[in-house]
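# Chain and residue survey
This is what each chain is made of:
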Amino acid sequence: MQNFSRRNVLQMMGAAALAGPMMSAGKAFAARENELNILCWEGYNSAQVLDPFRSDFSANIHAESLTNDPTMINRLRAGETNVWDLINVNNPWARKVMYPAGLIKPLPKEEFEPYFDSMMPAFKPPYKWAMSDDGSELLGMAQRFGPYSFVVNTDVVSRSMAEEQGWDLFNDPGLEGRYGILESDDWNVFNIFLIAGINPFIEHSDDDMKKFEETAVRVFKGAKLVGDIAAMNQALISGEIDLHMTGGTYSVSPARADGFTNLRAVTPLKGPIDGKGGVAWIEITSTVNNPQLSPLATEFLKYVQDPEVAHTVAFAEGTFNPVSQMGNKACFDLFTKDELDAIQWDSLEEEMDRSAEYDIVPDYDKALEIMTAAKR
Amino acid sequence: MSTDKRRFRLSAGSASAVPVGVLLVLGFLAPLITVAAYAFATPKSFDVFRSFTFANFASIFDPSNTVWQSFAWSLFFAALTVILLAVIAYPIAYGLNKVFGKWSGLVSVLFVFPLFVSENVRLYGWVLFFIKNGVLDGAMKWLGLPGGLDLLYTPAMILFGMVYVYLPFMLFPMTLGLAMVPKDLADAARDLGAGRMMIWREIELPLAMPGILIGMLLTFVLAAGALTESKILGGQSIITIAQDIEVAFTYAQNWPLGSALALILVVIVSGLSLLILSKLDLDRILGRR
């Protein structure tokens, strides 16, 4: 029989302490079939959406939500492709940036394209933003979307007046100090261009940039506040402001769901993007080019197509949004009248028609720099 | 052979310090080195440790770049916060040591308690207090006073937020500093005919100075990197340097620029701190001369 000294015991404990985490690290590498990491806009990370999937697949799911696309793309670029399995960002990034840069991988087309058939008519396959540039590969699935221009308190600024005047509202000296700006700088770049009467999604001349700068300085100077969605809705409800730039169904729906239906997302009737004045977003969820992609990634994409889950995604905590699956009657019927009212279903189609789809500004870096300086 | 072994063997003290050393290197030095390395990487790239350029600093120091305004605002607000807090916290610290007696514990807890609630939640609470038709405005109208106070989303409100948030960081080191002043010395001074002001100036203040200085430095460093106060209470009516760093890391997709800005902030803040510390001669203050 061997006698253990205190030193032996301490050595063994030390070895066990070291070996423990290493063993579980080995397990983590091997157990990707029960693990799923999602990088997404808020909503997909809510317990209502994730918990049923967790229990169905006994899966360990980690979802991190961020509130702007560039940060999420950055994370993949910085080398986190081996961390994440799914990425959920707005429409242009998959086909224009992430796929060409090798950050995401295509989905099996035959398995996923049929889902688009039951979506709303605008998403019929092949749906542009879900496809690669050459149209050969399916790069992601569409679900939440919405028009995103500005929000008004219709008790003060009527819907018809706001639609008529469009972005010129923010050129009106009478409204100085009466509006807010959502801190969503990529969208603010689009909207400053639109207020200046310039199409944001084209290459800009020096004159355009000069006009952009003048507009940015004036608009930020005239703003009562710059803040997040909660701050905008709070300021609208309290009467601190009467309207705010950069906003739509996504930002105002929580206030509308709380009964403040006088607050309304507005899309201008006309504007400089080939006649369109609004901008809309469509989220595309793609599988990350992870060398050890979890098999649950594609399972999750199928799971959220289910009518009930799609309805949960639409009304997950945070913001409330229309989903493409509302084209399926089984899904649409799950929405109550109040829910449809919160997401402005009555005007959704016409507002989407009046909106250009979110795109990448070719000279975004320069414009953002000018706008950041204008804020100071 | 055995002598070689002995030469490289760590002393027991050094060996015991290894875990802490490793922790400090990994948790403190490694991120700092990464940020510093990013600051010299090609702009808008992730070529950290693979590229070396001064381009990020060149763009920051370009005369057409107005980012210096953000540095100036941050440092100015940090300095103001420190001055205001020194004036506000001193009487409280004095009270905790000499006046409140058995109530000191409770008063301390009241000042510590807000630290258990997230800063964002507390600041949103103040928004609800100050917002139009909010607690203050609503109460004034209810009492028949003219409402319509326009307080939120102004630089003054940012300063209020900073003073409120950083109060404990000034108060507690200052309280400790004042606790270090022996009562006997003040008594002796009084016996020798010193007036209240003289006792305060010649005895209390110098002896409490280490605590006061640590409080001031702590608040200054924290306030120079402040962001949420200007975002939540100030409606971004001024842009702080922390916000510029955030924008560089997020919307601008330019980690190297963000790192360069962060590095400059570290250099300015630590440089100023060291300068002040060297000017004030800690040794004399601590009485170790």
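Residues numbered from 1 in each chain as written. Chains lettered and ligands numbered in written order. Predicted model: local features only at pLDDT ≥ 70, side-chain atom pairs only at ≥ 80, totals over all residues. Heavy atoms only, no water.

Here the focus is the interface of chain B and chain A. If you look at the interface, chain B gives 29 residues, while chain A gives 30 residues. When residues of chain B are sorted by the area they lose upon contact with chain A, Tyr-153, Tyr-251 and Gln-253 of chain B head the list and together hold 29% of the total. On the surface where chain B and chain A come into contact, there are four salt bridges. The partner of Lys-231 of chain B in a salt bridge is Glu-183 of chain A, and the shortest N-O contact between them spans 3.1 Å. The tally of links from chain B across to chain A stands at 14 residue pairs in polar contact (both at pLDDT 80 or more). (Contact = heavy atoms within 4.5 Å. Buried area = accessible area lost by both parts, 1.4 Å probe. Salt bridge = Lys/Arg side-chain N within 4 Å of Asp/Glu carboxyl O. Polar contact = N/O pair within 3.5 Å; in protein donor to acceptor, adjacent residues only side chain to side chain.)

As a further point, take the packing of helix α8 (residues 155-179) of chain B against helix α10 (residues 196-224) of chain B. Residue and element names in this part refer to chain B. Put simply, α8 and α10 touch, their axes get as near as 7 Å, and they point 160° apart. It follows that α8 is roughly antiparallel to α10 by the angle criterion. In the packing of α8 onto α10, the handedness of the crossing is right-handed. For the pair α8 and α10, contact is made by Met-162, Tyr-166, Phe-169, Met-170, Pro-173, Met-174, Gly-177 and Leu-178 and by Leu-207, Ala-208, Gly-211, Ile-212, Ile-214, Gly-215, Met-216, Leu-218, Thr-219, Leu-222 and Ala-223, respectively. Of the residues belonging to the contact of α8 with α10, the class tally is 15 nonpolar, four polar and no charged. (Axes fitted to C-alpha atoms, helices over the stretch in contact; angles between N-to-C directions. Helix = DSSP H or I, 4+ residues; strand = E, 2+ residues; numbered from the N terminus. Parallel < 35°, antiparallel > 145°, perpendicular 65-115°, else oblique. Left-handed = near helix turned anticlockwise from the far one by under 90°. Nonpolar A, V, L, I, M, F, W, Y, C, P; charged D, E, K, R; others polar.)

On to unusual backbone geometry. For residues besides glycine, phi is generally negative; the peptide bonds are generally trans as well. Of the consecutive residues Pro-125 of chain A and Pro-126 of chain A, the connecting peptide bond is found in the cis state with omega at -5°. At Thr-246 of chain A, a position not held by glycine, the phi torsion is positive, near 60°. Residue placement: Thr-246 of chain A occurs in strand β8 (residues 243-248). We classify Thr-246 of chain A as buried; its relative accessible area is 0%. Within the chain, Gln-253 of chain B stands out as a residue other than glycine whose phi angle is a positive 50°. Among the secondary structure elements, Gln-253 of chain B is positioned in the loop between α12 (241-249) and α13 (255-280). (Buried < 20%, exposed > 50% of the residue type's maximum accessible area, 1.4 Å probe, protein only.)

Attention now moves to the side chain of Asp-242 of chain A. Residues and elements named next belong to chain A. With respect to the helices and strands, Asp-242 occurs in the loop between α9 (229-238) and β8. Judged by relative accessible area, which is 8%, Asp-242 ranks as buried. When residues no more than four places from it in sequence are discounted, the contact partners of Asp-242 are Val-151, Val-152, Asn-153, Val-156, Arg-178 and Leu-236.

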